[in-house]
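If you want the building blocks of each chain, they are given just below.
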Amino acid sequence: MSRLSVNGPLLVGLGNPGRRYRATRHNLGADVVEACAVEFGISLKPANPLFAYGAGRMDDHPVALAIPTVFMNDSGRAVSALLSTHHLAPEEMVVIHDEMDLPVGRLRLKHHGRHGGHQGVRSIIDTLRTDRFYRMRLGIGRSSVSAEAADYVLSVVPREERLLVEQMTDRAIEAVRCIVLDGPETAMNRYNRRQPA
């Protein structure tokens, strides 16, 4: 990170609010942050109408987790409020989101770049007026049939893909741990070379 706050790196998981969207492909970013909260013993609580937030420590290293509580297309407003409230720069943040351009189960980390058609990432870039933040991209692949992208990402992860998604979630938690303890550049070098089994 360019500089670290007293609360450590901020991990932001993207998704849509409400029971209707739980277990859908588009909510994998939020699912990973929720899994991290359980793994690291951090309580995520509504901080304001825009996001849930929690901070804690991992092996004596500070870390902060957040999930926007607005719809995906409005993620930028929530992220802007998060950064302002906690006095963070965009480069101190890792946005975790689903990615159609990666096969199901593949995880990759990157720093800056275009939104690739992801509406949540697009909203963040447009609102912050910068793409200089880290991303953790969670592969969901593309539909094997002619389906609208919106229908595909908003569908529930099918049974035949659940094991791959569970394994990817475990690797994502490992990658978050590496980001917190060793930094995002180390995590990119380590996890971008690792492929799902």
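Residues numbered from 1 in each chain as written. Predicted model: local features only at pLDDT ≥ 70, side-chain atom pairs only at ≥ 80, totals over all residues. Heavy atoms only, no water.

A.B. asks: An account of the sheet that holds strand β1 (residues 10-13) is requested, with residue identities and associated values reported.
C.D. replies: Strand order in the open sheet formed by seven strands is β2-β3-β4-β1-β5-β7-β6, with mixed pairing between adjacent strands. Only two strands of the sheet have a single neighbouring strand rather than two, namely β2 (45-48) and β6 (107-111). Across the sheet, the axes of successive neighbouring strands diverge by a mean angle of 30 degrees, strand direction being ignored. Along the sheet, helix α1 (residues 28-40) contacts β1, β3 (51-58), β4 (61-68), β5 (93-99) and β7 (134-139); its crossing angle with β4, the most-contacted strand, is approximately 140 degrees. In the packing of helix α2 (residues 75-85) onto the sheet, contacts are made with β1, β3, β4 and β5, and the angle to β3 comes to roughly 45 degrees. (Pairing = 2+ DSSP bridges. Helix = DSSP H or I, 4+ residues; strand = E, 2+ residues; numbered from the N terminus. Axes fitted to C-alpha atoms, helices over the stretch in contact; angles between N-to-C directions. Contact = heavy atoms within 4.5 Å.)

A.B. asks: Provide a residue-level description of the pairing of β2, including the pertinent values.
C.D. replies: Of the strand pairs in this sheet, β2 and β3 are connected by three bridges, and their pairing is antiparallel. Residue pairing in the sheet places Lys-45 in a bridge with Tyr-53 of β3. Between β2 and β3, which pair antiparallel and follow one another directly, the connecting turn spans two residues.

A.B. asks: I'd love a proper account of the packing of aromatic side chains, names of residues and values included.
C.D. replies: Pairs of aromatic rings are described using the distance from one ring centre to the other and the angle between the two planes. In this structure the tally under the stated criterion is one aromatic pair. Both rings, one in Tyr-21 and one in Phe-71, keep their centres 6.0 Å apart while their planes meet at 80 degrees; by these two values the pair is edge-to-face. Separated by 50 residues along the polypeptide, Tyr-21 in the loop between β1 and α1 and Phe-71 in the loop between β4 and α2 bring together distant segments of the chain. Sitting over the ring of Phe-133, Arg-135 keeps its end group 4.4 Å from the ring centre. (Phe/Tyr/Trp six-rings, centres within 6.5 Å; stacked < 30°, edge-to-face > 60°. Lys NZ or Arg CZ within 6 Å of the ring centre and 35° of its normal.)

A.B. asks: Would you mind going over the packing of α1 against helix α5 (residues 159-182) in detail, with residue names and values included?
C.D. replies: Describing two packed helices takes the angle between their axes plus the distance from one axis to the other. At their nearest, the axes of α1 and α5 sit 10 Å apart, and the two run at 60 degrees to each other. Taken together, the axes of α1 and α5 lie oblique to each other. Crossing hand, α1 versus α5: right-handed. Side by side, α1 and α5 meet where Leu-28, Val-32, Ala-35, Cys-36, Glu-39 and Phe-40 of the first sit next to Val-165, Met-168, Thr-169, Ala-172, Ile-173, Val-176 and Arg-177 of the second. Along the lines of polarity and charge, the residues of the contact of α1 with α5 split into 10 nonpolar, one polar and two charged. (Parallel < 35°, antiparallel > 145°, perpendicular 65-115°, else oblique. Left-handed = near helix turned anticlockwise from the far one by under 90°. Nonpolar A, V, L, I, M, F, W, Y, C, P; charged D, E, K, R; others polar.)

A.B. asks: Give a description of the packing of α5 against helix α6 (residues 184-191) that names residues and reports values.
C.D. replies: Two numbers describe how α5 lies on α6: the axes approach to 7 Å, and their chain directions differ by 145 degrees. Crossing hand, α5 versus α6: right-handed. Here Arg-171, Glu-174, Ala-175, Cys-178, Ile-179 and Asp-182 of α5 lie close against α6, whose contacting residues are Pro-184, Thr-186, Ala-187, Arg-190 and Tyr-191. Grouping the amino acids of the contact of α5 with α6 by side-chain chemistry returns six nonpolar, one polar and four charged.

A.B. asks: Tell me about α1, and name the residues and values.
C.D. replies: The first and last C-alpha atoms of α1 sit 18 Å apart over 13 residues, in line with the 18 Å expected at 1.5 Å per residue. Of all the residues in α1, the buried ones are Leu-28, Gly-29, Ala-30, Val-32, Val-33, Cys-36, Ala-37 and Phe-40. Where α1 is buried, its residues touch β1, β3, β4, β5, β7 and α5. In the segment just after α1, Gly-41 is the residue with positive phi, at about 65 degrees. (Expected span 1.5 Å × (residues − 1). Buried < 20%, exposed > 50% of the residue type's maximum accessible area, 1.4 Å probe, protein only.)

A.B. asks: Break down the pattern of salt bridges for me, with residues and values.
C.D. replies: Pairing between side chains of opposite charge can happen when the charged atoms of each approach one another. Applying the stated criterion across every chain, the model contains nine salt bridges. As a salt-bridge pair, Glu-34 and Arg-22 come within 3.3 Å of each other at their nearest N and O atoms. On the criterion of sequence distance, the pair formed by Glu-34 in helix α1 and Arg-22 in the loop between β1 and α1 is long-range, its members being 12 residues apart. For Arg-22, a relative accessible area of 47% corresponds to the partly exposed category. Among the salt bridges present, the one from Arg-177 reaches Glu-39, with a minimum N-O distance of 3.6 Å. (Salt bridge = Lys/Arg side-chain N within 4 Å of Asp/Glu carboxyl O.)

Shape descriptors only; they carry no functional weight alone.
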